[in-house]
Amino acid sequence: MPSNEITKESLLNLNQKLLESIVGGDWSTYESLLDKDAACFEAETNGNVITGHAFHKFYFDLDAKPETDEPKKVATKVYMSQPHVRILSGGKAAVLKYVRINQSVDADGAPITTTVCETRVWEEGNDGVWKNVDVHRS
């Protein structure tokens with residue numbers, strides 16, 4: 001199905017934009033891509049399901065420059081390795097699984113590479129806008 005291939009590419013691009021907003025501390029982009037009732041399981045949730053924006057906003061605020069509330073400029077690159085997209089619900093939802101690779105430098109300038117497995121569920125709203133509605137990170 002050619003339309004699913006285009007949708008898969010679009011979803012990968014949206015997800016990359018979301019990941020870049022996370023490592024770049026860009027709350028406005030992150031918020032625009034995350035459903036207001038999004039749910040997550042992450043290491044930071046200590047095994048609890050967390051919904052909504054407030055939990056994640058806390059971490060974005062920690063990274064903001066106090067004097068300007070702008071995101072800090074951190075030299076971090078983020079990639080998706082082995083992404084797999086499965087289209088669901090007649091093309092209105094999708095599951096995206098991948099290994100997230102983060103590259104950065106520590107305080108001494110030494111390179112650091114970390115990996116984490118992520119699964120994200122995306123859903124197309126009635127307005128045609130795709131939003132991330134669920135994430136599981138391990």
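By convention here, each chain's residues receive numbers from 1 onward along its written sequence. Totals for whole chains, interfaces and linings use every residue, but because this is a predicted model, local features are given only for residues with pLDDT of at least 70 and side-chain atom pairs only at 80 or more, for both listing and counting. Derived side-chain values reflect all non-hydrogen atoms in the structure, with water molecules and hydrogen atoms excluded from consideration.

**Structural notes on the packing of aromatic side chains**
Here the aromatic set is Phe, Tyr and Trp, taking the six-membered ring for Trp, and pairing holds for ring centres within 6.5 Å; pairs whose planes are under 30 degrees apart are stacked, those over 60 apart are edge-to-face, and all others are tilted. One pass over the full model with this rule turns up 5 aromatic pairs. Each ring, one from Trp 27 and one from Phe 60, has its centre 5.1 Å from the other, and the planes form 70°; the classification is edge-to-face. Taken as a pair, Trp 27 in helix α2 (residues 27-33) and Phe 60 in helix α3 (residues 54-63) lie far apart in primary sequence, 33 residues in all. For the pair Trp 27 and Phe 60, a shared accessibility class is recorded, and that class is buried. A ring pair is formed by Phe 58 and Tyr 59, whose centres lie 5.2 Å apart and whose planes are at 85°; its orientation type is edge-to-face. Burial here depends on accessible area, computed with a 1.4 Å probe over protein chains only, as a share of the maximum for the residue type. Under 20% is buried, over 50% is exposed, and the range in between is partly exposed. For Phe 58, a relative accessible area of 48% puts it in the partly exposed group. You can call Tyr 59 partly exposed: its relative accessible area is 32%. The rings of Trp 27, Tyr 30 and Phe 60 are connected pair by pair, giving a single aromatic cluster. Strands are runs of DSSP state E lasting at least two residues, helices are runs of H or I lasting at least four, and both sets are numbered from the N terminus onward.

**Some points on unusual backbone geometry**
Within the chain, Asn 46 stands out as a residue other than glycine whose phi angle is a positive 50°. Assignment of secondary structure puts Asn 46 in the loop between β1 (34-41) and β2 (50-51). Given a relative accessible area of 67%, Asn 46 falls into the exposed group. Of note in this structure, Ser 89 is not a glycine but carries a positive phi near 50°. Among the structural elements, Ser 89 can be located in the loop between β3 (77-88) and β4 (93-105).

**Here's the deal with the environment of Leu 11**
Note that Leu 11 resides in helix α1 (residues 2-24). Sequence separation between Leu 11 and Ile 87 is 76 residues; the distance between their C-alpha atoms is 9.9 Å. Pairs of residues are marked as contacts when any of their non-hydrogen atoms sit within 4.5 Å. Those residues in contact with Leu 11 that lie beyond four places of it in its chain are Val 85, Ile 87, Ala 94, Leu 96, Trp 122 and Trp 130.

**Remarks on the pairing of β3**
In this description, strands pair whenever DSSP reports at least two bridges between them. Both β3 and β4 contribute to a ladder of 10 bridges, which runs antiparallel. By the bridge assignment for β4, Leu 88 is matched with Ala 93.

**Considering the confidence of the model for the protein**
The quantity called pLDDT is the predictor's confidence in a given residue, expressed from 0 to 100. Averaged over every residue, the pLDDT of the protein is 88; residues scoring 70 or more account for 86%. Ranking the elements of the protein by mean pLDDT puts α1 last, at 84, and β4 first, at 96.

**Digging into the sheet that holds β3**
Backbone hydrogen bonds are what pair the strands of a sheet, in a parallel or an antiparallel way. One open sheet holds the 6 strands; their spatial order is β2-β1-β6-β5-β4-β3, and the pairing between them is mixed. Of all strands in the sheet, those with a lone pairing partner are β2 and β3, marking the two edges. Bridge analysis of β1 against β2 gives 2 bridges, and the strand direction is antiparallel. Each bridged residue has a counterpart across the sheet, and for Ala 39 the counterpart in β2 is Thr 51.

**Let's talk about the side chain of Arg 100**
One can find Arg 100 in strand β4. Taking the relative accessible area as the measure of exposure, Arg 100 reaches 9% and is therefore buried. A polar contact is formed between the side chain of Arg 100 and the side chain of Asn 102, at a distance of 3.4 Å. Counting of polar contacts relies on pairs of N or O atoms within 3.5 Å, with two restrictions inside protein: one atom must be capable of donating a hydrogen and the other of accepting it, and residues adjacent in sequence are counted only when both atoms are side-chain atoms. Side chain to side chain, Arg 100 and Glu 118 meet in a polar contact 2.8 Å long. Those residues in contact with Arg 100 that lie beyond four places of it in its chain are Leu 19, Ile 22, Val 23, Val 78, Tyr 79, Thr 114, Thr 115, Val 116, Glu 118 and Arg 120.

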